[in-house]
Amino acid sequence: MDTIFEGVMKSEAGRSMTLERVRSSLIQLGCAPGVRGAAESYSVDLKNIIELVQNDELESIILKRYGKEAYRIFRLLSKSYHLLETDKISDTTFVEKKDTAKILYQLWKNEYLQMETLILLRVSKKFQGIETCCSTHIQMGAIKIYVFKWSTASVVMKLNLHAGRQTQFQLWKVTKDTLWGHVLNEMYHSALNLSLRVAYELEQEQEIIQLPREKRVGALGSRFERLRKVRILLESSLMKLDDAIMVYNDLLILVAPSVSYANTSEVFKNFIRVLCNANTSEGFRPGTDVSLPEVNLPFGKLGPALLGQAPNNRPILAFFALWAHGNIRKILLFEHWKEKDNEVLIYERLPPDRNYTKLMGQSKFCLCPGGYEVASPRAVEAIHAGCVPVMFWGPTIWAFVPAHFEPITGFPAICLVLRACGLPICHL
């Protein structure tokens, strides 16, 4: 504890914190207190912290959907490790019994709670065989207590006409593992609906979007402003939902740029990081971290248009377009090939009447020269278009081979690697 307190005091914001404040903050973070020798110690339990965040997220969903009384009921059940009876829940949460029963049934119906029915029967000697349809029973003198699942309760009620007097109770609990899977599934559906709605709104207003700004006046301006507000609302909701989805996944993804330097931290050193910027100079660890292929997706779409032609219907031999940064692009491509050949199409700026994805689909080879950035969607786009990716290698020129393709054993069979120094002479 002394070491932690000294570390806190080194920061400007921490100098105003007392020892008791630091201790309470550690407990709120889920850090388990312990004793090492004679010293007070705390350890970070990431699993416990994630579970606390999951509980908070779930409770906030209950609060927004069902209100404060449902929130209190759910919070009680989520912190309980055993079944609770309806009257007990009502007394503990100070909710009217009639309202408690309605709320519990609604939560159960929407799969947030698990319900079991307990039926207490005084069984007559004439009645035989009830044990065959119940899950549990407890003998208490002349009385047996039978516990049934809700699905078998109707059968038991019929049998009970011959069995004797009965008393019925509903017991409730939260089964977190099952519940989290249900909530995650709901979130996935919500995210899909939001994405489809964004795509629909944009598709409906394509005419307005493509209009020059000076022509968006009057009714057209109002339509564009409505679209802008709807888009902001839907996209912000989708971003919040993405954050919530990550809480319920076992995989923790850290977002650039700070993720690149996470390996310097004791907290992150054992994490498997998923990076689109797979650069070893910025902390990427081959064999431990995962390289995520960068893909350029049109907004509101699940992928670029599939415009690839058959191999015998591709009139363009090789194609490349966009910025001239990096030695390979500047010296070998633009200096020697830019707009100089009808079969090898090299553009720095694609003409407005040409479609980038369509040109890829009409090309036999798609040039993938490395630039100043380590991440590029070009190789993925080429494979998607059915175009052979062409990589470049040279002893003095940085070679671009995406890290996410290195583990693929068959990747050399679907790409072409050229010596950069031979490119101006060789016509591919």
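Thresholds applied
Think of each chain on its own: its residues are numbered from 1, step by step along the sequence as written. Reporting of local features is limited, given that this is a predicted model, to residues whose pLDDT is at least 70; pairs of side-chain atoms are given and counted only at 80 or more, and all residues count toward the totals for whole chains, interfaces and linings. Values shown for side chains rest on all heavy atoms present in the structure; no hydrogens or waters enter the calculation. Pairing of aromatic side chains here covers Phe, Tyr and the six-membered ring of Trp, requires ring centres within 6.5 Å, and sorts the geometry by plane angle: under 30 degrees stacked, over 60 edge-to-face, intermediate tilted. Each helix is a run of H or I in the DSSP string that is no shorter than four residues. Each strand is a run of E no shorter than two, and both are numbered from the N terminus. Only protein chains enter the accessibility calculation, which uses a 1.4 Å probe; a residue whose area is less than 20% of its type maximum is buried, one above 50% is exposed, and one in between is partly exposed. For a ring to carry a charge above it, either NZ of a lysine or CZ of an arginine must fall within 6 Å of the ring centroid while also lying within 35 degrees of the normal to the ring plane. Disulfide: a pair of cysteine sulfur atoms within 2.5 Å of each other. Nonpolar cores are built from buried Ala, Val, Leu, Ile, Met, Phe, Trp, Tyr and Cys residues. Side-chain atoms within 4.5 Å join them into one set. By definition in these notes, contact holds between two residues if any of their heavy atoms fall within 4.5 Å. Any carboxyl oxygen of Asp or Glu that lies within 4 Å of a side-chain nitrogen of Lys or Arg is treated as forming a salt bridge with it.

Trainee: Whenever I open this one, the packing of aromatic side chains confuses me. Can you help?
Mentor: Given two aromatic rings, their pairing is described by the distance between the two centres and the angle made by the two planes. On inspection of all chains with the given rule, the structure shows three aromatic pairs. Consider the rings of Tyr 66 and Tyr 112, whose centres lie 5.9 Å apart with planes at 75 degrees: the pair is edge-to-face. Taken together, the positions of Tyr 66 in helix α3 (residues 46-66) and Tyr 112 in the loop between α6 (97-109) and β4 (114-121) put the pair 46 residues apart, joining distant regions of the chain. Ring plane angle 45 degrees and centroid distance 5.5 Å describe the contact between Tyr 105 and Trp 108, whose orientation is recorded as tilted. Here Trp 108 and Tyr 105 lie together in helix α6, a separation of three residues that amounts to about one turn. You can call Trp 108 partly exposed: its relative accessible area is 23%. We note Arg 216 situated over the ring of Phe 224; from NZ or CZ to the ring centre the distance is 3.9 Å.

Trainee: Mind showing me how you'd approach the state of the cysteines here?
Mentor: Disulfide: a covalent bond formed between the sulfur atoms of two cysteine residues. Under the counting rule described, the total for this entry stands at one disulfide. You can see Cys 368 has no disulfide; the closest cysteine sulfur is in Cys 366, sitting 6.6 Å from it. No disulfide involves Cys 415; its nearest neighbouring cysteine sulfur is the one of Cys 368, lying 9.0 Å away. Looking at Cys 415, the relative accessible area reads 13%, which means it is buried.

Trainee: Mind showing me how you'd approach the nonpolar core here?
Mentor: Note on soluble globular proteins: their nonpolar side chains tend to be buried together. Core analysis: the biggest nonpolar cluster contains 36 residues, and Leu 77 and Tyr 112 have the highest contact counts within it. Mapped onto this core, the elements with two or more residues apiece are α3, α4 (68-79), α6, α8 (176-204) and α10 (219-247). The leading source of residues in this core is α8, at nine residues. Apart from the residues within four sequence positions on either side, Leu 77 is in contact with Leu 84, Ile 89, Leu 104, Leu 113, Trp 172, Lys 173 and Val 174.

Trainee: I would appreciate a short explanation of the pattern of salt bridges in the present structure.
Mentor: If the charged atoms of two oppositely charged side chains come close together, the side chains can form a pair. Following the criterion strictly, the structure yields ten salt bridges and no others. Linking Glu 201 and Arg 197 is a salt bridge whose minimum nitrogen-to-oxygen distance equals 2.8 Å. In this pair, Glu 201 and Arg 197 both sit in helix α8, four residues apart, roughly one turn of the helix. Residue Arg 197 is classed as partly exposed on the basis of its relative accessible area, which comes to 40%. Two residues, Arg 223 and Glu 205, come together in a salt bridge whose shortest N-O distance is 2.7 Å. Taken together, the residues Arg 223 in helix α10 and Glu 205 in the loop between α8 and α9 (206-210) connect sequence positions 18 residues apart. Here the salt bridges share partners, and the residues they tie into one network are Arg 197, Glu 201 and Arg 226.

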